[in-house]
Every structure is written in structure tokens, then in C-alpha cells.
Amino acid sequence: MSYQVSPIGYVRSCFKEKFAIPRQPQLAPAARGVLELCAPFDGGDAVQGLEQVSHVWLLFLFHQALEDTPRLKVRPPRLGGNRAVGVFATRATHRPNGIGQSVVRLDRVDKGRLWLSGIDLLDGTPVLDVKPYVPYADSVADAHNHMAADAPIRIEVRWQDSALTQAREHGMRLNEPLVELIEQCLAQDPRPAYQQPQPERRYGVRLWDVDVHWHYPQPGCIRVLAVTVP
Ligand code: SAM
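Per an unreviewed UniProt entry, the recorded name for the protein chain is tRNA-Thr(GGU) m(6)t(6)A37 methyltransferase TsaA, and the organism is Phytopseudomonas seleniipraecipitans. The UniProt entry for the protein chain carries this comment under Sequence similarities (unreviewed entry): "Belongs to the tRNA methyltransferase O family."

This is the structure in C-alpha cells:
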């Protein structure tokens, strides 16, 4: 039996590519976006009362990771990418039905738009549903997850002076906390765990409309080299 679902809206996000998106929401509070609701949800009725809520659950489609054949085992980056575990024990993007879920901060509600922060969603992500976060039910005081016990270790992010100036200027132009966004995302160390970064190797990612370039001058440390508009 199959069921059909349709997006209720799409996210316009700071993240233009999958690389360097934090692996969970809340890890980069400066990661912002807007959920643009589709008709008939964009007239105001569907979001009435949501202004009383600080956080929402987003249920969405990993639209850039959909696969025809479901995987039973996956190799989460969290485990170094070389240990396979059951897909239902992970939050991997490759999963049956391709459904993701994230708790994000709701900064503002307009009738057809929800302004969000702390997101881990790619630009253009189709959203299937929005639900209010309910602290007494959704926060489990004695919960444990031995595979992902703590937030990922953050690495040090340094700036080349010129790059920091560029990031500040583009942040003002975009009216976005760009310096914080770059620091919070790079501190998660986006590089795949199997890659040993050489200091001469350059990495890059697009955030909003700017390209961010960095390298690893030494293990456990990133230096941002340039923040430019292509
Ligand atoms: N918080 C969600 C969950 O637990 O279902 C997502 C967790 S998943 C491990 C996070 C990763 O999903 C991000 O690092 C990003 O690379 C990827 N991602 C985000 N939006 C996506 C999309 N629309 N399609 C494919 N991958 C996406």
C-alpha cells in the first residue's frame, strides 16, 4: 500500500549545498531560513496561535538524498563513516521514505512565512508538516543515546584578518549574522572523517550568496581565508 503526501511549503535556507550543514539542528543558532508556506496554508489561518510557541518540529523530505531501494544499514559520519548500523538506529539522510525531523527556533510568524533559526536544512527542502514543540512531552530528562551521547566536539576557528573584514561586510549587506554562522558551522569540522587535511588543501562552501574558503593550518584548527561573492 502506498500513500501520497504533498509539501506544505519549502525552506529558503542559508545552506546552498549539503556540505558544512550541521548534522543536527541547534548546533548553529545563526543558521537561519524562512519556511514559505504553499496555498491553502499561506493565508494566516493555518499558523494562528503559533506566535505563542518558541520552537517547532519540522517534518521534511531529504529531497537531495531520495533513493528507490531502501538501505537497511548505514554508516553514519558520527561513527567515522566506517561502522555500519541499522538505519533506524540513526538519523541518516538515506532512509525509507526520506523523512527528516528537526526542532528549530521560531523567530517570527507572518501569515504565509515562518522565520526560523538553528536549522539544519538545505535550501529548497520540501516541508511536509509543522508541529509546535511541547516541552513537557518532547524533552525527556532521563533519555540516553550511547551512540551519540554528546554534541560533536568543536574545533577552533581562526580568521585571516581580510576574511573577517569580508565576512563582516557581507553580513551587514545580507542583514545576517554571517561571522557567527561561519564560525558555528566550521567549528563542527565539516570535512569527512576519513580525510586527513593537508595545510595546502583548500576547502569551500557557499552560505547565502557568499563562498567561504578555509584550510587546516594544523590538526584540530581551521583558518578562514576568504569570504567572497562569486
Ligand atoms: N535533524 C534531521 C533529522 O534528524 O532527521 C536531519 C539530520 S541529517 C543527519 C542532517 C544532514 O542532512 C545535514 O548535515 C545535511 O547535509 C543533510 N540535509 C539537510 N537537508 C537536506 C535535504 N533537503 N536533502 C538531503 N540532505 C539534506
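Undergrad: Sorry, what's going on with the overall build of the protein chain here?
TA: Looking only at helices and strands, one finds three helices and twelve strands in the protein chain. With respect to the principal axes defined by its C-alpha atoms, the protein chain has extents near 50 × 45 × 35 Å. In the protein chain, buried positions account for 41% of the 230 residues. Considering only intrachain contacts with a sequence separation of at least 6, the fraction spanning at least 24 residues in the protein chain is 71%.

Undergrad: Would you explain the sheet that holds strand S11 (residues 210–218) in this entry?
TA: Two orientations exist for strands paired in a sheet by backbone hydrogen bonds: parallel and antiparallel. Pairing is mixed in the open sheet, where four strands are placed in the order S9-S12-S11-S10. Two strands lie at the open edges of the sheet, namely strand S9 (156–159) and strand S10 (203–207), each paired on one side alone. In this sheet, neighbouring strand axes are inclined to one another by 35 degrees on average, regardless of whether the strands run parallel or antiparallel. Pairing analysis gives five bridges linking S10 to S11, with the strands arranged antiparallel.

Undergrad: Any chance you could explain the nonpolar core here in plain terms?
TA: Membership of the largest hydrophobic core comes to 51 residues, with the highest contact counts inside it found for Leu181, Ile182 and Val212. Element by element, the count of residues in this core is highest for helix H3 (residues 178–186), at six residues. Leaving out residues up to four positions away in the same chain, Val212 has contacts with Ile182, Leu186, Tyr203, Gly204, Val205, Leu207, Val224, Ala226 and Val227.

Undergrad: How should unusual backbone geometry be read in this particular structure?
TA: Trans peptide bonds make up the majority, and among non-glycine residues the majority have a negative phi. Across the junction of Ala39 and Pro40, the peptide omega takes the value 5 degrees, indicating a cis bond. Residue position: Pro40 is located in the loop between strand S2 (32–37) and strand S3 (55–61). The residue Asn97 is not glycine, and still its phi comes out positive at about 70 degrees. Secondary-structure assignment places Asn97 in the loop between strand S5 (85–86) and strand S6 (99–109). Classification of Asn97 by relative accessible area gives exposed; the value is 66%.

Undergrad: Sorry, what's going on with the site of the ligand here?
TA: Around the ligand, the structure places 21 residues, and the nearest of them are Gln24, His63, Arg91, Asp120 and Thr125. A distance of 3.1 Å separates a nitrogen atom of the ligand from a polar atom in the backbone of Gln64. One of the side-chain nitrogen or oxygen atoms of Ser102 is found 2.9 Å away from a nitrogen atom of the ligand. Isolated, the ligand exposes 590 Å² of accessible area, and the fraction of that covered by the protein chains is 92%.

Undergrad: How should I be thinking about the packing of helix H2 (residues 161–174) against H3 in this particular structure?
TA: Each pair of packed helices gets described by two things: the angle between the helix axes and the distance between those axes. In contact at an axis separation of 7 Å, H2 and H3 are set at 120 degrees when each is read in the N-to-C sense. What the angle tells us is that H2 and H3 run oblique. Between H2 and H3, the contacting residues are Leu164, Ala167, Arg168, His170, Gly171 and Leu174 on the first element and Leu178, Val179 and Ile182 on the second. For the contact of H2 with H3, the residue count by class is six nonpolar, two polar and one charged.

Rules used throughout
- Residues numbered from 1 in each chain as written.
- Predicted model: local features only at pLDDT ≥ 70, side-chain atom pairs only at ≥ 80, totals over all residues.
- Heavy atoms only, no water.
- UniProt positions renumbered as here; feature names shortened; annotations may be inferred.
- Helix = DSSP H or I, 4+ residues; strand = E, 2+ residues; numbered from the N terminus.
- Buried < 20%, exposed > 50% of the residue type's maximum accessible area, 1.4 Å probe, protein only.
- Contact = heavy atoms within 4.5 Å.
- Pairing = 2+ DSSP bridges.
- Axes fitted to C-alpha atoms, helices over the stretch in contact; angles between N-to-C directions.
- Core = buried A, V, L, I, M, F, W, Y, C linked by side-chain atoms within 4.5 Å.
- Near = heavy atom within 4 Å.
- Polar contact = N/O pair within 3.5 Å; in protein donor to acceptor, adjacent residues only side chain to side chain.
- Areas by Shrake-Rupley, 256 points an atom, 1.4 Å probe, with all protein chains shown as cover.
- Parallel < 35°, antiparallel > 145°, perpendicular 65-115°, else oblique.
- Nonpolar A, V, L, I, M, F, W, Y, C, P; charged D, E, K, R; others polar.

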